[in-house]
Amino acid sequence: MKEEALLTVENLKKYFLIEKKLNKRENVFLKAIDGVSFTLHRNEVLGLVGESGSGKSTVAYNIIGMYVPTDGRILYKNACINGKSENRPLSVKRDLQIVFQDPSTSLNPRRNIRYILERPLKVHRITEKRSIRDRVIDLLRMVELPPDYMYKYPPHIGGGERQLVSIARALATDPKLIILDEPTSALDVSIQGKIINTLIHLRETLSLSYLFITHDLSLMRNVADRVVIMYLGKICEVARTKDFFENPAHPYTMMLLSSIPTMSREEERVKPKKIRSRGEIPSPVNLPTGCRFNTRCPKAKDICFECEPELREVALDHGVSCHF
Ligand SMILES: Nc1ncnc2c1ncn2[C@@H]1O[C@H](COP(=O)(O)OP(=O)(O)O)[C@@H](O)[C@H]1O
Ligand SMILES: [Mg+2]
């Protein structure tokens, strides 16, 4: 079966102007994302992984239409959707939803959950007026919350439950693709598993696709079909999850993999030997010339300081941007 592209990101760039100079050409930009390309297929969970500051959320905000890209294209079902969400067709706005990292800031604390879940139904004119309440109950049921939660306010429920409400809100428009921007990293470890299981279950029952953003690589092993690794606004490796964990190729990936805890002997066997992570992440305002990982790479040679490696296929569906 041929995989159908749902979302394609082509050479996406987002530069933030951080210092305006008299001479326009001397303006200082922060290159949050600097040429990112990937495809997300229908019914796929694509993991987007990287350290804090690597540009993951900026990718998400461009896709969702909070930002206008500096360059590049975002294609949804083969149509270019670059630009602000308010200028997009209603059908695209319904199809693409996002769940933010921190539900305590993404939900209005002064509105009850009924109001929060009704809003997208009204804005997107999804449900007939008389059945809106039923739909709210239905959304709560989908995330396994009891109907009487609609009368509660976000500050009065637990963090995990708040995130379930955010997920229910994202489901209100009957979306095709949900961007999950570190959906569990602001939560207590004890409830992270519950949220992940709910997400996996929803994906199966509703045939959803996810762009699953995280800095937690081990989480991806059980959740993602493919994994994309970002470093300083660029992709350094992309592969199917199994392939990724068994045959990692980029030195940065190996560094990440070597530092995650393993659960089984099988995992321990395929895990790269411990690589000490050296150095700090350079600033995206002053990027290193050549490969942007050269300041921390144990394998760096002259060429790595001279030219930037392209992402190239080393095996089927396995891309790596490294000179070696
Ligand atoms: N609105 C903004 N203005 C200026 N710099 C920004 C803005 N948003 C993000 N950045 C910078 O862009 C880089 C990537 O940020 P972000 O996409 O939030 O990374 P991540 O989600 O991977 O932690 C960071 O260096 C961050 O400081
Ligand atoms: Mg982020």
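Residues numbered from 1 in each chain as written. Chains lettered and ligands numbered in written order. Predicted model: local features only at pLDDT ≥ 70, side-chain atom pairs only at ≥ 80, totals over all residues. Heavy atoms only, no water.

What follows deals with the overall build of the protein. The number of helices and strands found in the protein is twelve helices and twelve strands. Against the 2.2 N^0.38 benchmark of 20 Å for 324 residues, the protein shows a C-alpha radius of gyration of 21 Å, consistent with a compact globule. On the principal axes, the C-alpha backbone points of the protein span a range of 70 × 60 × 40 Å. Residue burial in the protein is summarised as follows: out of 324 residues, 49% are buried. For the protein, the distance from the average position of its 50 positive side-chain charges to the average position of its 39 negative side-chain charges is 5 Å. (Helix = DSSP H or I, 4+ residues; strand = E, 2+ residues; numbered from the N terminus. Rg over C-alpha atoms; globule rule 2.2 N^0.38 Å. Buried < 20%, exposed > 50% of the residue type's maximum accessible area, 1.4 Å probe, protein only. Lys, Arg positive; Asp, Glu negative; His and termini not counted. Charge placed at Lys NZ, Arg CZ, Asp CG, Glu CD.)

In the vicinity of ligand 1 there are 13 residues, among which Gly 53, Gly 55, Lys 56, Ser 57 and Thr 58 approach most closely. Interatomic distance of 2.9 Å between a side-chain N/O atom of Ser 57 and an oxygen atom of ligand 1. Elements represented by at least two residues in the shell around ligand 1 include exactly β2 (28-41) and α1 (56-64). Ranked by residue count, the leading element in the shell around ligand 1 is α1, at three residues. (Near = heavy atom within 4 Å. Polar contact = N/O pair within 3.5 Å; in protein donor to acceptor, adjacent residues only side chain to side chain.)

Parsing the protein into structural domains produces domain 1 (45-67 + 83-229) and domain 2 (232-324). The centre of domain 1, based on its C-alpha atoms, is set 30 Å off from the matching centre of domain 2. Between domain 1 and domain 2, roughly 1600 Å² of surface is buried when both sides are summed, and carbon and sulfur atoms account for 60% of that area. Looking only at domain 1, the three residues that lose the most surface to domain 2 are Glu 51, Arg 221 and Ile 229, adding up to 45% of its buried area. (Domains from an automatic or database assignment. Buried area = accessible area lost by both parts, 1.4 Å probe.)

Ile 167, Leu 171, Phe 212, Leu 217 and Ile 229 are the most contacted members of the largest nonpolar core, which totals 57 residues. Among the elements that take part in this core, helix α6 (residues 159-171) stands out by supplying six residues, more than any other. Two domains share this core, each providing at least three of its residues, namely domain 1 (45-67 + 83-229) and domain 2 (232-324). If we ignore the near neighbours within four places in the chain, the residues touching Leu 217 are Val 49, Val 227, Ile 229, Phe 244, Phe 245, Leu 256, Leu 257 and Ile 260. Counting residues in hydrophobic clusters, the runner-up holds 29 residues, among them Val 36, Tyr 61, Ile 74 and Leu 211. (Core = buried A, V, L, I, M, F, W, Y, C linked by side-chain atoms within 4.5 Å. Contact = heavy atoms within 4.5 Å.)

Let us look at empty space enclosed by the protein. The final tally for this structure, using the stated rule, is three cavities of 30 Å³ or more. Forming the boundary of the largest cavity are Tyr 231, Lys 234, Ile 235, Cys 236, His 250, Cys 291, Arg 292, Phe 293, Glu 308, Pro 309 and Ser 321. Take the lining of the largest cavity: its biggest share by element is three residues, from strand β10 (residues 234-240). Of the residues that constitute the lining of the largest cavity, the class distribution is six nonpolar, two polar and three charged. Space inside the second largest cavity adds up to approximately 70 Å³. In terms of lining, the second largest cavity is formed by 13 residues, of which the most central are Pro 251, Cys 291, Cys 297, Cys 304 and Cys 322. Looking at the lining of the second largest cavity residue by residue, the classes come out as nine nonpolar, three polar and one charged. (1 Å grid on protein atoms, 1.4 Å probe; cavity = no way out; pocket = protein on both sides within 12 Å on 5 of 7 lines; lining within 4 Å. Points joined across faces, edges and corners; volume = space filled by probe spheres on them. Nonpolar A, V, L, I, M, F, W, Y, C, P; charged D, E, K, R; others polar.)

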